[in-house]
Amino acid sequence: MIVTTTENVAGHKTVEALGQVFGVVVRSRSIGGNLAAAIRSIGGGEIKEYTALVEETRRHAIDRLVTNATAMGANAVVMMRFDSGEIGQTMSEVVAYGTAVRVETE
């Protein structure tokens, strides 16, 4: 599966647009992770516990995006983007979205 942030896939032509596709993940930090992050935030700088959470959540959202695009019959996703937000004060939502397409080599 090709996933790109561009409108077209280099060296390929889009033969069919199948529609919007997305992958959604909602995660929360464990109580230990939240405590460690709170202590680290006192000194300033990067909060590695949250960086790791966001990186893992984005990878998981892309995996779900690919699964959904495959189920639609796509072999590529174009114009992929991320959106994120908070739910309450302890949960993070990440959405990977784009357009599922079928492409062929030119």
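Small disclaimer: the values here were computed from a predicted structure and weren't measured. (Residues numbered from 1 in each chain as written. Predicted model: local features only at pLDDT ≥ 70, side-chain atom pairs only at ≥ 80, totals over all residues. Heavy atoms only, no water.)

Engineer: Outline the pattern of salt bridges, listing residues and values.
Structural biologist: For the coordinates displayed, the defined rule picks out two salt bridges. Where E16 meets R102, a salt bridge forms, and the shortest distance between an N and an O atom there is 2.5 Å. Of the two residues, E16 sits in strand β2 (residues 12-28) while R102 sits in strand β4 (residues 91-105), which places them 86 residues apart along the sequence. For E16, a relative accessible area of 35% corresponds to the partly exposed category. As a salt-bridge pair, R27 and E56 come within 3.0 Å of each other at their nearest N and O atoms. Of the two residues, R27 sits in strand β2 while E56 sits in helix α2 (residues 48-71), which places them 29 residues apart along the sequence. (Salt bridge = Lys/Arg side-chain N within 4 Å of Asp/Glu carboxyl O. Helix = DSSP H or I, 4+ residues; strand = E, 2+ residues; numbered from the N terminus. Buried < 20%, exposed > 50% of the residue type's maximum accessible area, 1.4 Å probe, protein only.)

Engineer: If you had to explain the packing of aromatic side chains to someone new, which residues and values would you point to?
Structural biologist: Any two aromatic rings considered together are summarised by their centre-to-centre distance and by the angle between their planes. Under the defined criterion, the tally for this structure stands at zero aromatic pairs. It is R58 that lies over the ring of F82; its NZ or CZ is 4.4 Å from the centre. (Phe/Tyr/Trp six-rings, centres within 6.5 Å; stacked < 30°, edge-to-face > 60°. Lys NZ or Arg CZ within 6 Å of the ring centre and 35° of its normal.)

Engineer: Lay out the sheet that holds strand β3 (residues 76-87) with the relevant residues and their values.
Structural biologist: In spatial order, the strands read β1-β3-β4-β2; together these four strands make up an open sheet with mixed pairing. The sheet terminates laterally at β1 (2-3) and β2, the two strands that pair on one side only. Bridging between β3 and β4 involves ten bridges; their strand directions are antiparallel. Within β4, the residue paired with D83 across the bridge is V95. (Pairing = 2+ DSSP bridges.)

Engineer: Tell me about the nonpolar core, residues and numbers included.
Structural biologist: Core analysis: the biggest nonpolar cluster contains eleven residues, these being V21, V25, A61, L65, A69, A74, V77, M80, V94, A96 and A100. At the level of secondary structure, the elements contributing two or more residues to this core comprise β2, α2, β3 and β4. Residues V9, A76, V78 and V103 belong to the second largest nonpolar core, which totals five residues. (Core = buried A, V, L, I, M, F, W, Y, C linked by side-chain atoms within 4.5 Å.)

Engineer: Break down a nonpolar patch on the surface for me, citing the residues and quoting the values.
Structural biologist: Together, V26, I87 and M91 line one region of the surface with nonpolar side chains, adding up to about 220 Å² of accessible area. Structurally, M91 can be placed in strand β4. (Patch = residues over 30% accessible without salt bridge, like charges linked within 9 Å, V, L, I, M, F, W, Y side chains within 5 Å. Areas by Shrake-Rupley, 256 points an atom, 1.4 Å probe, with all protein chains shown as cover.)

All quantities given are derived from atomic positions and should not be read as evidence of function.
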